[in-house]
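Listed below, chain by chain, are the residues.
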Amino acid sequence: MKVTVDIDCTPEEARRFMGLPDLTPVHEAYLSKITRMVEDGVSPDMMESLVRSWGPMGDAGMQMWRQMMDRMTGTTSA
């Protein structure tokens, strides 16, 4: 037996139905911070800080990002 149920609702309606919190203010704050960083210019140190906040990668992962940024900017890390 196969049963198919189609539910027609917006993402907002689905979020409320499932009892999930509204993260719109957090999302807006994050986007405004990223936009400001891009408009002001992103330094390698700022990029490293941003990448660290995305998730734990350990030293090997950070070294990969550092090398990529060095190649993009034409600088070398100490």
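Everything below is about the structure printed above this text.
Every value quoted in this text rests on a predicted model; they were computed, and no experiment measured them. (Residues numbered from 1 in each chain as written. Predicted model: local features only at pLDDT ≥ 70, side-chain atom pairs only at ≥ 80, totals over all residues. Heavy atoms only, no water.)

**Details of the overall build of the chain**
Phase 1: Across its full length, the chain carries four helices and zero strands.
Phase 2: When the helices and strands of the chain are listed from N to C terminus, the series reads α-α-α-α.
Phase 3: Split into buried and exposed, the 78 residues of the chain put 10% on the buried side.
Phase 4: As presented, the chain carries roughly 6,900 Å² of accessible surface, and 61% of it is formed by carbon and sulfur atoms. (Helix = DSSP H or I, 4+ residues; strand = E, 2+ residues; numbered from the N terminus. Buried < 20%, exposed > 50% of the residue type's maximum accessible area, 1.4 Å probe, protein only. Areas by Shrake-Rupley, 256 points an atom, 1.4 Å probe, with all protein chains shown as cover.)

**A few points about the side chain of arginine 15**
Phase 1: Along the polypeptide, arginine 15 turns up in helix 1 (residues 11-18).
Phase 2: Sequence-distant contacts of arginine 15, that is, excluding residues within four places in its chain, are made with Leu20, Pro21 and Asp22. (Contact = heavy atoms within 4.5 Å.)

**Topic: the pattern of salt bridges**
Phase 1: Taken as a whole and assessed by the stated rule, the structure comprises two salt bridges.
Phase 2: Notably, a salt bridge pairs glutamate 12 with arginine 16, separated by 2.8 Å at the nearest N-O pair. Highlighted residues: glutamate 12 and arginine 16, both in helix 1, separated by four residues, approximately one helical turn.
Phase 3: Under the relative-accessibility criterion, glutamate 12 is labelled partly exposed at 33%. (Salt bridge = Lys/Arg side-chain N within 4 Å of Asp/Glu carboxyl O.)

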